[in-house]
Amino acid sequence: MRTDTQRMRAAVWYGARDVRIAEVDIPTPGRGEVLIEVAYCGICGSDLHEYADGPHAIPVAEPHPGSGATAPLILGHEFCGTVVALGPSVIGLAIGDRVAVEPNYRCGACPRCRAGEYNICRHFGFAGLMGNGGMAEYTAIPAYMAHRLPEHVSLEQAALFEPASVALHALQRAGATPETMTVVGLGPVGLLTVRLAAERKVRRIVAVDVSPARLHRAAGLGATDLIDARMEEGVGERIRELTGGEGVDVAFEVVGSESALRTCLAATRRGGRVVLVGLAPQVSLDSFALVNNEQSIIASVGYRDTYPELIRLVAERGLDLTPVVTATITLDGLVPHGFEELLGDPGHQIKILVDPTAHRDRVDHLVPCAAAGTATPTPSARGRRY
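All figures in this text were calculated on a predicted structure; none of them were measured in a lab. (Residues numbered from 1 in each chain as written. Predicted model: local features only at pLDDT ≥ 70, side-chain atom pairs only at ≥ 80, totals over all residues. Heavy atoms only, no water.)

Each full turn of the α-helix corresponds to 3.6 residues, which orients residues three or four apart in the same direction. Taken together, the buried positions of helix H8 (residues 258–267) are Ala260, Leu261, Thr263, Cys264, Leu265 and Ala267. Looking at the packing, one finds that the buried side of H8 touches strand S11 (180–184), helix H7 (235–242), strand S14 (248–253), strand S15 (268–276), helix H9 (287–292) and strand S16 (296–299). (Buried < 20%, exposed > 50% of the residue type's maximum accessible area, 1.4 Å probe, protein only. Helix = DSSP H or I, 4+ residues; strand = E, 2+ residues; numbered from the N terminus. Contact = heavy atoms within 4.5 Å.)

The next subject is the confidence of the model for the chain. Chain-level pLDDT for the chain is 91 on average; 91% of the residues reach the 70-or-more range. Counted against residues more than four places away or in other chains, residues 365–386, with its pLDDT under 50, gives 84 contacts. (pLDDT = per-residue confidence, 0-100.)

What follows covers the sheet that holds S16. A sheet is described by the order of its strands in space; here six strands give the open sequence S13-S12-S11-S14-S15-S16, paired in parallel fashion. The sheet terminates laterally at strand S13 (225–228) and S16, the two strands that pair on one side only. For this sheet, the mean inter-axis angle between neighbouring strands, taken without regard to orientation, is 20 degrees. Here helix H5 (residues 188–199) sits on the sheet and contacts S11, strand S12 (204–209) and S14; the angle it forms with S11, its principal contact strand, is near 165 degrees. (Pairing = 2+ DSSP bridges. Axes fitted to C-alpha atoms, helices over the stretch in contact; angles between N-to-C directions.)

For S14 and S15, the ladder comprises five bridges, and the chain directions are parallel. Each bridged residue has a counterpart across the sheet, and for Glu253 the counterpart in S15 is Leu276. Handedness of the S14-H8-S15 crossover: right-handed. As paired strands, S15 and S16 are joined by four bridges and run parallel to one another. Looking across to S16, one finds that Val275 is bridged to Ile298. (Right-handed = clockwise from strand over helix to strand, strands pointing away.)

Further remarks concern the layout of surface pockets. Approximately 280 Å³ is the volume found for the second largest pocket. In terms of lining residues, the second largest pocket is bounded by 19 residues, among which Pro27, Glu33, Asn132, Thr139 and Ala140 are the most central. Counting residues per element, the ones that place at least two in the lining of the second largest pocket are strand S2 (18–25) and strand S9 (138–142). For the lining of the second largest pocket, the element with the most residues is S9, which contributes five residues. When grouped by side-chain class, the residues that make up the lining of the second largest pocket number eleven nonpolar, six polar and two charged. (1 Å grid on protein atoms, 1.4 Å probe; cavity = no way out; pocket = protein on both sides within 12 Å on 5 of 7 lines; lining within 4 Å. Points joined across faces, edges and corners; volume = space filled by probe spheres on them. Nonpolar A, V, L, I, M, F, W, Y, C, P; charged D, E, K, R; others polar.)

Leu149, Phe161, Met181, Leu186, Leu196, Phe252 and Val324 are the most contacted members of the largest nonpolar core, which totals 60 residues. No other element matches helix H4 (residues 161–173), which puts seven residues into this core. Core analysis: the next-biggest nonpolar cluster, separate from the first, contains 35 residues, Ile36, Cys41, Tyr105 and Leu334 among them. (Core = buried A, V, L, I, M, F, W, Y, C linked by side-chain atoms within 4.5 Å.)

Now for the pattern of salt bridges. Two side chains bearing opposite charge may form a pair once their charged atoms approach each other closely. If you walk through the whole model with that rule in mind, you get 18 salt bridges. In this structure, Glu117 engages Arg112 in a salt bridge whose closest nitrogen and oxygen atoms are separated by 2.5 Å. Taking the relative accessible area as the measure of exposure, Glu117 reaches 22% and is therefore partly exposed. Arg112 gets classed as partly exposed once you look at its relative accessible area, which sits at 34%. Put simply, Arg204 and Asp225 hold a salt bridge, and the shortest N to O gap is 2.7 Å. Of this pair, Arg204 sits in strand S12 while Asp225 sits in strand S13, and the two are 21 residues apart along the sequence. Using a relative accessible area of 22% as the deciding quantity, one classes Arg204 as partly exposed. (Salt bridge = Lys/Arg side-chain N within 4 Å of Asp/Glu carboxyl O.)

Time to look at the environment of Ile36. Checked against the element boundaries, Ile36 lands in strand S3 (residues 33–42). Since its relative accessible area comes to 0%, Ile36 is described here as buried. Sequence-wise, Ile36 and Glu258 are 222 residues apart; in three dimensions their C-alpha atoms are separated by 40 Å. If we ignore the near neighbours within four places in the chain, the residues touching Ile36 are Gly81, Thr82, Val83, Val84, Val99, Glu137, Tyr138, Thr139 and Ile141.

Now for the packing of H4 against helix H10 (residues 307–317). Axis separation between H4 and H10 bottoms out at 10 Å; the angle between their running directions is 105 degrees. Regarding the angle of H4 to H10, the classification is roughly perpendicular. Here Phe161, Glu162, Ala164, Ser165 and Leu168 of H4 lie close against H10, whose contacting residues are Tyr307, Glu309, Leu310, Ile311 and Val314. (Parallel < 35°, antiparallel > 145°, perpendicular 65-115°, else oblique.)

With that settled, consider a nonpolar patch on the surface. Nonpolar side chains collect at one region of the surface, where Val283, Leu285 and Ile297 lie side by side and expose about 210 Å² of accessible area between them. The class of Leu285 is partly exposed, set by a relative accessible area of 39%. (Patch = residues over 30% accessible without salt bridge, like charges linked within 9 Å, V, L, I, M, F, W, Y side chains within 5 Å. Areas by Shrake-Rupley, 256 points an atom, 1.4 Å probe, with all protein chains shown as cover.)

Below, the discussion takes up the side chain of Asn119. Secondary-structure assignment places Asn119 in the loop between helix H2 (111–114) and strand S8 (125–126). At 2.6 Å, the side chain of Asn119 and the side chain of Arg304 are in polar contact. (Polar contact = N/O pair within 3.5 Å; in protein donor to acceptor, adjacent residues only side chain to side chain.)

The element strand S1 (residues 7–15) is extensively covered by neighbouring structure, given that seven of its nine residues are classed as buried. Two strands pair when backbone bridges link them, and S1 and S2 are joined in this way by eight bridges, in the antiparallel orientation. Opposite Ala10, over in S2, you have Ala22 as the bridge partner. Linking S1 to S2, which pair antiparallel, is a turn of two residues; within it Arg17 sits at a positive phi near 60 degrees. In this structure, S1 lies alongside strand S4 (residues 73–74), joined through two bridges in antiparallel fashion. In the sheet register, Trp13 faces S4, and the bridge partner there is Leu73.

The following block contains the structure:
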């Protein structure tokens, strides 16, 4: 931990197109909190929306009940790091522990929390959207958010546990492991859904997107069939052809659009399921066909109890999540090399990590460049999860 100063650098959201890399005070962990030196923080689609035309989830008038915070606040909810200080009453963690951060606030007292469904807590929110987050050298979080990492689980892997949790929860919401499935939308969550489905030995995984680069990456992550949605007439019908006219058992909508939902329904067999992961403003359905086909539409938001399973898969099964990472940047590069690059060409980059302690001019392209879960945003914020 820095000892020469009590100040740190952080990416502070003040408003749409107004994210400043500023010097702010290093927070002091309060009761039940720990101070984390941040190793990596991923850029999520939610961060991108807040930068482009927010506020959507960020509280600006009333403090969020889970954090007590209002804007301006520090962005970033996909982060990991090392514990450097403990607040009063913290047990089970020690200084020096490397941790993955599960960034969701929960009250612990509402009916859903008492039932263990803390991802739909009455006062649910995210550090980095409803409170200060991980795009900073240090951040203070409730200790319940911190999951200790085994020695051989890297911080690079841990930086991806948040979007991977969205994918894992969606797979869990789908029920028993299917024989066949399709994923429509290959941002980080869609690609991680492919990867985790392949880990579960799903026999046929059909990946659909408009980006050839993302389709190519899906093949490397375990997709068995690729469909370029720009080139295919009747994508749903094409998926049915691949399954002998039957349709897939489960389809995952990870775009956030009515057309993608229609594709999923057209691709899914009678009695099959469609899992909504993307955030669409409004959709209309052919309810007659939905009933006659006895299809189910299931919503999936955020995640719960997923971090221990991801840690186990990485530590014991050798699961590698890092192929979705296309670049690592510094805080100074957040706007030009992060937000603006994703907004300018969302097919070029996939998952960009921010290293808050790195030299301010560094940009590492980790792979050749050929996400809250969030609280419910306003319609203009909804759309594809990157």
